[in-house]
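# Descriptive analysis of the structure
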Amino acid sequence: MRSAQAEAPSRPPRAKDRQSSSPLGQPIPRKEDEALLRGRGRYADDVPAPAGTLHAYVVRSPIPHGLIRRIDVSRALALPGVHAVLTGEDVARLSDPFLVALKQPIPQWTLAVERVRFVGEPVALVLAEDRYIAEDASELVDIAYEPLPAIVDPEEAVAEGAPLVHPDCKSNEVSRRDFTYGDPDKAFAEADKVVKLRVDYPRNSFMPMECFVVVAQFRPSDGSFDVLANFQGPFSAHPVMARALRVSGAKLRLRTPADSGGSFGIKLSVFPFVVLMGLAARISGRPVKWVEDRYEHLLAASSGPNRVTHIEAAVKNDGRITALRMDQMEDYGAFLRAPMPGPLYRMHGATTGAYDVPNLYVVNRVVLTNKAPAALIRGFGGPQLYLGLERLVQRIALALDMDVLDVIRKNLVPSGAFPYRAAAGALYDSGDYPLCVDIATGEGRLEDLKRRRDAARAKGRHYGIGFAAVVEPSMSNMGYLSTMIPASARERAGPKNGAVSLATVNVDPLGTVSVTADLTVQGQGHETVISQIVCDQLGLKMDDVVVNLEMDTVKDQWSIAAGTYSCRFSPGTAVAVHHAAGAIRDKLARIAANQLNVLPEDIEFVDGMIRSKTNPDNGLAFARVAGTAHWSPVMLPDGMAPGLRETATWAPPELEPPSGDDRINTSLAYGFVFDMCGVEIDPDTWEVRVDRYVSMHDAGRLLNPLIAEGQIRGAFVQGLATALYEEFRYDDKGGFLTGTLADYLIPTVTEVPEIELLHIESPSPFTALGAKGLAEGNCMSTPVCIANAVADALGIEHVPLPVTPMRLHALMAGPEKTPPRQAKATSTAATAAKREGARELTGSGAVTIGAPVAQVWRALLDPENLKATIPGCHALDVVGENDYRAEVSLGVGPVKGRFRAEVRLSDLDPERSGRLSGGITGPLGDASGAGMLRLEPIEGGTRISYDYEVAVGGRAAAIGGRLLDGAADLVIRQFFERFASRLGASSGAPSASWWNRLTSALRKPQ
């Protein structure tokens, strides 16, 4: 890791008094790692559950939109070990829908009430003695839906006549605000050129290793709830939860565990399940525990919103951008969970990014669709904004026939302009953006990329260079979301602004220091950095400080801003820790001065001693001085209270409410990231390979460079995932298509290239430690940097994210030519099985049965034989000639359940052929299809050939095509093996797939 130092504001108070041996700013390994690497972490699922705890399983909607006509839970309740089944009727009776930021009728309860609006929406909750029984019982919950048209494309959702996600809203566009700063119309009228672009940001998430966990108890004695959950904050969701439970805030005790297996913004969205499990505990009279599985997490936990941006720039011929216009349409799925629509407004004050653009027009639209609700993920709002802005900068360079770097340099905020007020109100605290660009491109780095590009292109390969310059905000202004409503409405509602951070430092009678703070643990290393800050103030060793970050809203300090999100630690909670430790230092200095007969100003804290600066031999052990406050209060200076416990509150004045003209300083501190990369695209496979990546950061003062580097590398990997791999996909009717990690692709270590990190430090004048946040920057910069490189390599305007080989091939190959029509035999599979919006499976094969044709034919028409032959069949009833109704259990990967099936035999040509058709429905989805069986006598038995066509919808369609294809082959194989066994004959396996035939051939010796 390389570093350089830029001119920056002088260090804030106290920094100048640090001893040279201070651990602050040093690359100290994380204190947390010892336990975590030895498997001794204490995660939510590790916390012992109370005696008598019931286990919950969520029954979810298999369809994207529909009315709930009936829920019959009687069979589930009859299963031994099941204690209760909750439905929407129960939660509507005992709770209220969640508050939303908009004054719109968008009610969301913890379980669907009357209507479902996305695949995976919770519809019922089963409570049982263990998770296995609860999951088995969920298959017995009989729910009848009346399907309704679904809408998944945000642009189609706002078209006239589109199906309404919430009919009472009258439109799927539930919010629109127009903002004007400066005089953009004049700037566009006077522009030498107008450059326009449309970009689409995909819906994606970042996968924590640990999914949601909630353990809830209800206390009838006072009507309170006690809940343990791996909730990350912000704690502005706490009053939302309490209100939904119809209790005061003090009666919802929310606790968080000591460790968390990652979050990346996702674990904000556990809060609806905090309420649901609380209600379940109240109804059942028992503690309730729920652990989300990976399939549930993929299906419906949360994601970042997808956004459609139309952006244009007014530019001069020299490359200067004089104005921007943006139309941002953001898709939040079926509901607005608090504090949505955060990603659309969190970056609002910094909409012009790193550029000095005085004129701006912005349209922000909030759209609802039949997809799972979107919320916060790492970098929220930044990746969406910069994909449009930085792609536009590249297009400007092309339009003006300029070098991209020249356009970037022409428009960067000047070095001497800080603090700088952006057009929409953000107050950039410090930085030197041109210097960062110079350092990143210097020392031969840019020249090396150009050499690689030229060499690749000379050999006919696709190679491109991309750039991205972004401003990285940290510590959000809690009033930013109020910009969503007009100034007149804000005035009536009262101002919303600020961000409070709290920390408590305590010194016990033996001199041990302990710290608590308003954070939730997610793996960032907060315990280590907090210890460094305290040791810096008190002259102690790292092991002398104990940090406990298990949050408890009943007894710990917290505010609505509490939690871990928006990089609030370094400019927020770290400052509160610094102030609390400083208050302890001041008190101990007065105590020691009184005992050493010196002035408090002459006291210093060094290596566990409190001593005189002018006479270092005149000193006392830290523990002895601290003990005075506990053991000998009469020896304290006059007027000093005994004990050593200080709670500090930090509320920066720069975070003001929105102004009357809608300007808002959306965050306290703003770092800067400049990325540069080279990518090569394989001309045969269209795979994108990152050849070299350089990332330059200015995050103010680095409190721990080692942890900082780890955070940046993590953000880079997730930015890479957005660019090349990860996307939640839905079909055009709302079916979810990426319900396994075989279809939702997460890069592994083999796909992650090396990143070269560079730093300068421009300390923030607004924070006591000069530090800014830095854990989100590459989530914002990396996707568009790679997109720009791909655009440069291929000479294209539209770069779809993620940039998969399939997408690039389709983009470069153009529309596929329609093959000439040819005479073709009528398909033997039922084309009626095709259903719009469903995932279609087709196949064919053959099997041999060691029995004569006549015997095989009679067996096919025998109901008892079919019952024994159909895999997973529990019962089969005859409802007509060759017409049956059955109950079967099927499982594919993570999806398994009990289904109602209809099976029909028709178009019978005795002992020659027949048509098998029907469908299945159940809580996990549905399928319908048909196939043709043909019988042919052969030596020693009968050959049965078949082909089929099946349409799969609902939850089952989410597991991915590869698993479904494999499952279809497996079910057919099992059917014929059982069929042959019933006849007492041998069975030849169905014809091998092309892949099996290929791999078998490759294994044969040549």
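Residues numbered from 1 in each chain as written. Predicted model: local features only at pLDDT ≥ 70, side-chain atom pairs only at ≥ 80, totals over all residues. Heavy atoms only, no water.

What the five strands build is an open sheet, ordered β8-β16-β15-β14-β9; its pairing is mixed. On the outer flanks of this sheet lie β8 (173–181) and β9 (193–201), each paired with one strand and no other. With direction set aside, neighbouring strand axes in the sheet form an average angle of 10 degrees. Both strand β15 (residues 321–331) and strand β16 (residues 359–367) contribute to a ladder of nine bridges, which runs parallel. When the bridges of β16 are listed, Asp-327 appears paired with Val-363. (Pairing = 2+ DSSP bridges. Helix = DSSP H or I, 4+ residues; strand = E, 2+ residues; numbered from the N terminus. Axes fitted to C-alpha atoms, helices over the stretch in contact; angles between N-to-C directions.)

Our next topic: the confidence of the model for the protein chain. Residues of the protein chain with pLDDT of at least 70 account for 89%, and the chain-wide mean is 89. Scored below 50 in pLDDT, residues 1–20 makes 48 contacts in the model with residues more than four places away or belonging to other chains. Low pLDDT, under 50, characterises residues 821–837; the predicted model gives this stretch 30 contacts beyond four residues in sequence or across chains. (pLDDT = per-residue confidence, 0-100. Contact = heavy atoms within 4.5 Å.)

Our next topic: the nonpolar core. Side chains that are nonpolar tend, in soluble globular proteins, to be buried together. Residues Phe-231, Met-277, Tyr-428, Phe-674, Ile-786 and Val-790 are the most contacted members of the largest nonpolar core, which totals 185 residues. No other element matches helix α20 (residues 777–794), which puts 11 residues into this core. Counting only domains with at least three residues in this core, you end up with domain 1 (54–148 + 212–296) and domain 2 (173–203 + 304–483 + 656–812). If sequence neighbours within four positions are ignored, Met-277 has contacts with Ala-56, Leu-125, Val-214, Ala-216, Val-288 and Trp-290. (Core = buried A, V, L, I, M, F, W, Y, C linked by side-chain atoms within 4.5 Å. Buried < 20%, exposed > 50% of the residue type's maximum accessible area, 1.4 Å probe, protein only. Domains from an automatic or database assignment.)

Running from N to C, helix α7 (residues 237–244) and helix α8 (residues 271–284) point in directions that differ by 30 degrees, and their axes come no closer than 10 Å. On the basis of their axis angle, the class for α7 and α8 is roughly parallel. For the crossing formed where α7 meets α8, the hand is right-handed. Of α8, the residues touching α7 (which contributes Ala-237, Val-240, Met-241 and Ala-244) are Phe-271, Val-274 and Val-275. Class assignment of the residues belonging to the contact of α7 with α8 gives a composition of seven nonpolar, no polar and no charged. (Parallel < 35°, antiparallel > 145°, perpendicular 65-115°, else oblique. Left-handed = near helix turned anticlockwise from the far one by under 90°. Nonpolar A, V, L, I, M, F, W, Y, C, P; charged D, E, K, R; others polar.)

Under the counting rule described, the total for this entry stands at 58 salt bridges. Across the pair Arg-807 and Glu-727 runs a salt bridge whose closest N-O atoms are separated by 2.7 Å. Here Arg-807 is found in helix α21 (residues 805–813), whereas its partner Glu-727 is found in the loop between α19 (705–724) and β29 (756–760), with 80 residues between them in sequence. By relative accessible area, Arg-807 is classed as partly exposed at 26%. Taken together, the shared-partner salt bridges in this structure form one network comprising Glu-443, Arg-445, Asp-448, Arg-451, Arg-452, Arg-461, Glu-680, Arg-689, Asp-691, Arg-692 and Glu-756. (Salt bridge = Lys/Arg side-chain N within 4 Å of Asp/Glu carboxyl O.)

Moving on: the packing of helix α11 (residues 382–400) against α20. At their nearest, the axes of α11 and α20 sit 8 Å apart, and the two run at 30 degrees to each other. Our pair here, α11 against α20, has a crossing hand that is right-handed. From α11, Gly-382, Pro-383, Tyr-386, Leu-387, Glu-390, Arg-391 and Gln-394 reach across to α20, where they touch Cys-779, Met-780, Val-784, Ala-787, Asn-788, Ala-791 and Asp-792.

Per the counting criterion, the structure on display carries 19 aromatic pairs. Pairing Tyr-433 with Phe-672 gives two aromatic rings, centres 4.2 Å apart and planes at 10 degrees, and the pair type is stacked. Placement of the pair is Tyr-433 in helix α13 (residues 433–441) and Phe-672 in strand β27 (residues 667–681), with a sequence separation of 239 residues. A relative accessible area of 0% places Tyr-433 in the buried class. For Phe-672, a relative accessible area of 1% puts it in the buried group. Here the aromatic cluster, defined as three or more aromatic residues joined through ring pairs, consists of Phe-728, Tyr-730, Phe-736 and Tyr-744. A cation over a ring is seen here: Arg-346 above Phe-380, with NZ or CZ 4.4 Å from the ring centre. (Phe/Tyr/Trp six-rings, centres within 6.5 Å; stacked < 30°, edge-to-face > 60°. Lys NZ or Arg CZ within 6 Å of the ring centre and 35° of its normal.)

With respect to the element layout, Asn-364 can be found in strand β16. Residue Asn-364 is classed as buried on the basis of its relative accessible area, which comes to 0%. Separated by 188 residues in the primary sequence, Asn-364 and Arg-176 have C-alpha atoms spaced 5.6 Å apart. Within the local environment of Asn-364, its side chain forms a polar contact with the side chain of Gln-328, the two groups lying 2.8 Å apart. (Polar contact = N/O pair within 3.5 Å; in protein donor to acceptor, adjacent residues only side chain to side chain.)

On the surface, Asp-682, Asp-684, Glu-687 and Glu-751 cluster together into a patch of negative charge. By secondary structure assignment, the location of Glu-751 is in the loop between α19 and β29. (Patch = residues over 30% accessible without salt bridge, like charges linked within 9 Å, V, L, I, M, F, W, Y side chains within 5 Å. Areas by Shrake-Rupley, 256 points an atom, 1.4 Å probe, with all protein chains shown as cover. Lys, Arg positive; Asp, Glu negative; His and termini not counted. Charge placed at Lys NZ, Arg CZ, Asp CG, Glu CD.)

What follows covers α20. Given 3.6 residues to a turn, an α-helix orients residues that are three or four positions apart in the same direction. Here α20 is 18 residues long and its end C-alpha atoms lie 26 Å apart, about the 26 Å a rise of 1.5 Å per residue gives. The element α20 is largely enclosed, with a buried count of 17 among its 18 residues. A positive phi of about 65 degrees marks Gly-795, the residue just after α20. (Expected span 1.5 Å × (residues − 1).)

Residue placement: Val-291 occurs in strand β13 (residues 288–291). Apart from residues no more than four positions distant in its own chain, Val-291 is found in contact with Asp-45, Arg-131, Phe-212, Val-213 and Glu-296.

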